[in-house]
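Structural description and commentary
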Amino acid sequence: MIVRSIFFRQLLSHMAVIVFMALTLSCSVLYFVYQGNLVEREGDLVVRVNNIAAFFMEDLKSGYIPDTREWQLASDAVGAVLWLEDDSGQIIQGLRPNYLKPESYNVSKSLTNPKSQIVLSSEIQNAVIVSVPVTIKEKPGQIIAYYTSESILHLILGRVARFIFFPFSIGIVAAFLLAMLLSRKLTQSIADIASAAKRFSAGYYASRTHTTGNDEIGALGKTFNDMADAILRNQQTRRDFFANVSHELKTPLSCVKATTEALLDGIATNDQERTHYLERILAETDRMSRLVHDITDAEQLESGKMFMKQERIDLATLLINQADKIEPLLKKKSLSLLLRVETDKRYIVGDAGRFEQVFDNLLSNAIRYAPAGSHIGLILTEENEWLRVCVSDQGEGIAEEELPLIWERFYRVDKSRDRSAGGSGLGLPISRGIMEAMGGTITVQSKKGKGTTFLIRIPWQQ
Ligand code: ADP
């Protein structure tokens, strides 16, 4: 399980890269040191063995044989295998490699001339033997140094190991800690997002991740937080929707129930009263049926399932028909309609029925909010590739901070307004949905106390 964790894999990959780099670097350094030393050492060896011979000369003359430790130091200083022989070939100090037989290096001649130094190539490849004659208690002897490229490698490795091992191990430990830190940081961020998601799915809807940095994982964290916010908003919208629908239905339903009960109780004493109560029931049922239609429209628009006819519409004629339709309502409130068609372009493509629904809503709102005796404007103009329709009134207007909210479902500026005087608050969101589905737009401009203008723009067709 732990081997499969991202943390472990990250750690392994970091360590693998670091160790690989360190090994490559060490091998390169070793190779260059070895090459340099090989050339340098061969020429140097005679001098070094001579120095050692000079160093021990007096001791040897007096018969003192250096102890093992001294001899080891001497070998290290020469950088070769070093031993001391008497004239019979007996080794007095040091060690001769087992594979090196006395016959393979003939130095006997040198002993006749104690001043000469002999450099003999042994039969062994890549090896040099240097013999320096010495006097051991008045008898001839010799210090022999045996040097191979392997022994230099050995020496270098020994030194390199001493000099490199310590920093190398510290480096590896530091690299390990760093790799752990990096891996932990990475996996901690992922774990943080995962636990936030887990808590969220367990019902803790306030759960959010703090991993919101600028890297890819931060972007994932931000996306999770945004998604969580969107889900919450969605839930809230749903809750509001059900609360609103039941609220909107409750009033007309209780009205219908109360009126019917009253009728059954014989409240109406004559036909006129009975008709009055029945008309009230009809009006409330109409309201409920309008509401149900509006809800269906809003849902269809939101899910993109509303069917839209694609017909050629003469917009000017449609507006004139709308004006005729609202004539009685205008009269009832002593309003006058200012209908102007200020363009030759008339056609658009869309669903005429849905278009009428939009104008029904805008004009009924204008009539509802306009003061008696004022004007309502309905003006068709053009703007580049667009036809524009302005629906304006001189009513109470909408406060600036309320303007963005009127497009929300069930929103009503004046919440205390009697439902019979206002609609359900679905008209504008539906109108906007319809306009957008037909490739148009709908916007609003309003000044409190001055009036409101809704502007529709829709692509013009030849
Ligand atoms: P409603 O069915 O309540 O009219 P709408 O979605 O059509 O719902 O309108 C939402 C709200 O916008 C209304 O309740 C009203 O407060 C405000 N509103 C819409 N049109 C006008 C207007 N012409 N003048 C003033 N307020 C308006």
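Right above here is the structure, for reference.
Bear in mind that the values here come from a model prediction, so they are computed numbers and not experimental data.

1. Section: the nonpolar core
Ranked by size, the top nonpolar core spans 49 residues in total, and within it Leu-315, Phe-355 and Phe-359 carry the most contacts. Discounting residues that sit within four places of it in the chain, Phe-355 has contacts with Ile-313, Leu-315, Leu-318, Ile-348, Met-435, Met-438 and Ile-458.

2. Looking at helix 7 (residues 315-332)
Here helix 7 contains 18 residues, and its C-alpha end-to-end distance of 26 Å stays within 8% of the 26 Å for a straight helix at 1.5 Å per residue. Of all the bends found along helix 7, the most pronounced is centred on Ile-326 and spans about 45°, while Pro-328, a proline, follows it within four residues. Within helix 7, the full set of buried residues consists of Leu-315, Ala-316, Leu-318, Leu-319, Gln-322, Ala-323, Ile-326 and Leu-330. For helix 7, the side-chain oxygen to backbone nitrogen distance between the N-cap and Ala-316 is 3.2 Å, and the N-cap itself is Asp-314. Downstream of helix 7 by one or two residues, Ser-334 has phi in the positive range, about 50°.

3. Considerations on a nonpolar patch on the surface
A surface patch of nonpolar side chains, amounting to about 340 Å² of accessible area, comprises Val-17, Phe-20 and Met-21. Note that Val-17 resides in helix 1 (residues 6-61). Given the relative accessible area of 52%, Val-17 is considered exposed.

4. Some words on the packing of helix 6 (residues 271-302) against helix 9 (residues 427-437)
How two helices sit against one another is set out by the angle between their axes and by the gap between those axes. Where helix 6 contacts helix 9, the axes come no closer than 10 Å and their chain directions differ by 40°. Classified by the angle between their axes, helix 6 and helix 9 sit oblique to one another. In the crossing of helix 6 with helix 9, the sense of the turn from one axis to the other is left-handed. Across the interface between the two elements, Asp-294, Asp-297, Ala-298 and Leu-301 of helix 6 pack against Ile-430, Gly-433 and Ile-434 of helix 9. Tallied by class, residues from the contact of helix 6 with helix 9 come to 4 nonpolar, 1 polar and 2 charged.

5. Focus on the packing of aromatic side chains
Across all of its chains, the model carries 8 aromatic pairs by this definition. A ring pair is formed by Phe-200 and Phe-224, whose centres lie 6.2 Å apart and whose planes are at 85°; its orientation type is edge-to-face. Highlighted residues: Phe-200 in helix 4 (residues 149-201) and Phe-224 in helix 5 (residues 216-264), separated in sequence by 24 residues. With a relative accessible area of 8%, Phe-200 lands in the buried category. Look at Phe-224 and you get buried, because its relative accessible area is 9%. Look at Phe-355 and Phe-359: their rings are 5.7 Å apart centre to centre, the planes differ by 25°, and that puts the pair in the stacked class. Taken as a pair, Phe-355 and Phe-359 lie in helix 8 (residues 352-369) at a separation of 4 residues, close to a single helical turn. When the ring centre of Trp-407 is taken as origin, the NZ or CZ atom of Arg-432, which lies over that ring, is 4.2 Å away.

6. Quick notes on the pairing of strand 9 (residues 375-383)
Strand direction decides the pairing type here: strand 7 (residues 336-341) and strand 9, joined by 6 bridges, are parallel. Paired with Leu-338 across the bridge in strand 9 is Gly-377. Note that strand 9 and strand 10 (residues 386-393) share 8 bridges and pair antiparallel. Within strand 10, the position partnered with Ile-376 by the bridge is Asp-393. Counted between consecutive antiparallel strands, the loop separating strand 9 from strand 10 contains 2 residues, among which Asn-384 sits at a positive phi close to 55°.

7. A short note on the site of the ligand
Close to the ligand lie 19 residues; Asn-365, Asp-393, Val-413, Gly-423 and Leu-428 are nearest. At 2.8 Å, a side-chain N or O of Asp-393 approaches a nitrogen atom of the ligand. Leu-428 has a polar backbone atom sitting 2.7 Å from an oxygen atom of the ligand. Computed on the free molecule, the ligand has an accessible area of 530 Å², of which 96% lies beneath the protein chains in the complex. For the shell around the ligand, the secondary-structure elements that each account for two or more residues are helix 8, helix 9 and strand 12 (451-459). Counting residues per element, the shell around the ligand draws most heavily on helix 8, which supplies 4 residues. Class assignment of the residues belonging to the shell around the ligand gives a composition of 9 nonpolar, 7 polar and 3 charged.

Procedures and definitions
- Residues numbered from 1 in each chain as written.
- Predicted model: local features only at pLDDT ≥ 70, side-chain atom pairs only at ≥ 80, totals over all residues.
- Heavy atoms only, no water.
- Core = buried A, V, L, I, M, F, W, Y, C linked by side-chain atoms within 4.5 Å.
- Buried < 20%, exposed > 50% of the residue type's maximum accessible area, 1.4 Å probe, protein only.
- Contact = heavy atoms within 4.5 Å.
- Helix = DSSP H or I, 4+ residues; strand = E, 2+ residues; numbered from the N terminus.
- Expected span 1.5 Å × (residues − 1).
- Bend = angle between axes of the 7 residues up to and from the residue.
- Polar contact = N/O pair within 3.5 Å; in protein donor to acceptor, adjacent residues only side chain to side chain.
- Patch = residues over 30% accessible without salt bridge, like charges linked within 9 Å, V, L, I, M, F, W, Y side chains within 5 Å.
- Areas by Shrake-Rupley, 256 points an atom, 1.4 Å probe, with all protein chains shown as cover.
- Salt bridge = Lys/Arg side-chain N within 4 Å of Asp/Glu carboxyl O.
- Axes fitted to C-alpha atoms, helices over the stretch in contact; angles between N-to-C directions.
- Parallel < 35°, antiparallel > 145°, perpendicular 65-115°, else oblique.
- Left-handed = near helix turned anticlockwise from the far one by under 90°.
- Nonpolar A, V, L, I, M, F, W, Y, C, P; charged D, E, K, R; others polar.
- Phe/Tyr/Trp six-rings, centres within 6.5 Å; stacked < 30°, edge-to-face > 60°.
- Lys NZ or Arg CZ within 6 Å of the ring centre and 35° of its normal.
- Pairing = 2+ DSSP bridges.
- Near = heavy atom within 4 Å.

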